[in-house]
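Spelled out from the first residue to the last, the chains are:
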Protein chains: 2
Amino acid sequence: MTRPSGGALSARKQPRQARAHLTVDAIFEATIQVLLSEGLSALTTTRVAARAGVSVGSLYQYFPQKQALLFALLQRHLEAVSDAVCATCAQCRAMPLDQMSDALVHAYLDAKTRDIAATRALYVVAAELDTDDLLGAVARRNHSAIRDLLLSAGDRRVHQPDAVAFALSATLAGTTRAVLARDATQGDLAALRAELPVLCRAYLVARSGPL
Amino acid sequence: MTRPSGGALSARKQPRQARAHLTVDAIFEATIQVLLSEGLSALTTTRVAARAGVSVGSLYQYFPQKQALLFALLQRHLEAVSDAVCATCAQCRAMPLDQMSDALVHAYLDAKTRDIAATRALYVVAAELDTDDLLGAVARRNHSAIRDLLLSAGDRRVHQPDAVAFALSATLAGTTRAVLARDATQGDLAALRAELPVLCRAYLVARSGPL
DNA sequence: ACCTGAACACCGTTCAAGT
DNA sequence: ACCTGAACACCGTTCAAGT
């Protein structure tokens, strides 16, 4: 979807033969495995290549830098979450504001907690990269989907929908991260699932009036 | 304040002579400068030592690993923010809930935006470290200060104060981070300052009842 | 078109030698 | 007690040579 055009982090070249495609897939899979089992600090291009069963040279044929590998991984995850958010927004058009809020919270939390270990690993990965463009693109996509959703509410009118969509996005992403990024207990996660819907509902009601 | 007892990230030894104290101060100052001017990926123990005007060997005498240096920097920042939060909690005892909420939001945002470049740099730094213990200790301190504050509200009774303090902490830290971590415009920051008080007030009202 | 792996510059960390 | 800087193991990245 969002493909950095000619940026330093884009893949050096696309695989054109079946053999090459296998190589790229193996590298991706190996990257996730190394990340999960050894951690980012031990993630070495040599180690990834070895795990993938290819030479370092092959890895650098498709990913001009170690960061390009991590960037691609992060991009895939962020776009999957964004897809979930946008799909929910499409489904909830014209519903009452409360239901929209609950559905959105649920969809976001679900997407982020589907594989908590991977999500945590990617929080760490993201800090190592220049993610301004990627995060900006994903944020814009989510923002407009959420704003349009809010404007379609069947029972209330949301004031300043841009500011509210912005704050809602920051709240979903921020609170989830604050809880998951540290070694959250099962109880912490349960508390988040219980409180975040209340928080978002209350905010949206405060920022809206009768139709 | 929170000192990892014998952990791998604690300083190897404390400076005992005036000369040594100067060395440590110079290393700290150099670390911040390199972080701000070159970024984390270019932060090298050799570079920090050179900037500080000492040899690498001296650096390793006080910080057994590069991470110990970064850990100390992060610790100082987090404790400064926590001090601001706790001081505000102490001052706002027995006030109306709305005023508490506003004061808390204001204090947190102020502490985090006093030096935005440094805050952003430390978000990146934190991801490189094993911060579970540090974040846990700071979170516990903030949590109990906020919970006690909420319980002292003069006009309303907060239900499930632990869950609410938890969610409030995650909201303050999370939304602020979500905005600052990406290259936030002046407008983004203004939106956060405008919406976060509304968000927190609305949530606290939803989670409380009359006395 | 794709793959290999030795080679290069550089980094974190150590330690024998100094004051 | 503190400082120095050469030395070591290892990492990211390249490139000449292969199929």
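Residues numbered from 1 in each chain as written. Chains lettered and ligands numbered in written order. Predicted model: local features only at pLDDT ≥ 70, side-chain atom pairs only at ≥ 80, totals over all residues. Heavy atoms only, no water.

**Student:** Would you take a moment to explain the protein's contact with DNA strand D for this structure?
**Tutor:** Inspection of the region around DNA strand D gives 21 residues, with A:Y60, A:K66, B:R16, B:T23 and B:S55 positioned closest. Among the atoms of DNA strand D close to the protein, meaning within 4 Å, 76% are from sugar or phosphate groups. Between DNA strand D and B:T23 there is a distance of 2.4 Å, counted from a phosphate oxygen to a side-chain nitrogen or oxygen. Of all the elements in the fold, those that place two or more residues in the surface near DNA strand D are α2 (45-52) and α3 (56-62) of chain A together with α1 (18-38) and α3 (56-62) of chain B. Here the surface near DNA strand D gets four residues from one element, more than from any other, and that element is α3(B). (Near = heavy atom within 4 Å. Polar contact = N/O pair within 3.5 Å; in protein donor to acceptor, adjacent residues only side chain to side chain. Helix = DSSP H or I, 4+ residues; strand = E, 2+ residues; numbered from the N terminus.)

**Student:** What's the story with the protein's contact with DNA strand C in this structure? I'm lost.
**Tutor:** Of all residues adjacent to DNA strand C, which total 21 residues, the nearest are A:R16, A:T23, A:S55, B:Y60 and B:K66. In the interface set of DNA strand C, defined as its atoms within 4 Å of the protein, sugar plus phosphate atoms amount to 75%. Between a phosphate oxygen of DNA strand C and a main-chain N or O atom of B:T45, the distance comes to 3.0 Å. Note that a phosphate oxygen of DNA strand C is positioned 3.2 Å from one of the side-chain N or O atoms of B:R47. Of all the secondary structure elements, the ones that give two or more residues to the surface near DNA strand C are α1 (18-38) and α3 of chain A together with α2 (45-52) and α3 of chain B. The element best represented in the surface near DNA strand C is α3(A), accounting for four residues. Of the residues in the surface near DNA strand C, the class split is six nonpolar, nine polar and six charged. (Nonpolar A, V, L, I, M, F, W, Y, C, P; charged D, E, K, R; others polar.)

**Student:** Help me understand the packing of aromatic side chains in this model?
**Tutor:** This structure, assessed with the given rule, holds two aromatic pairs over all chains. A ring pair is formed by A:F28 and A:F63, whose centres lie 5.6 Å apart and whose planes are at 80°; its orientation type is edge-to-face. Taken together, the residues A:F28 in helix α1 and A:F63 in the loop between α3 and α4 (66-91) connect sequence positions 35 residues apart. We note that A:F28, like A:F63, is buried. Sitting over the face of the ring of B:F28, B:R76 holds its NZ or CZ atom 5.5 Å from the ring centroid. (Phe/Tyr/Trp six-rings, centres within 6.5 Å; stacked < 30°, edge-to-face > 60°. Buried < 20%, exposed > 50% of the residue type's maximum accessible area, 1.4 Å probe, protein only. Lys NZ or Arg CZ within 6 Å of the ring centre and 35° of its normal.)

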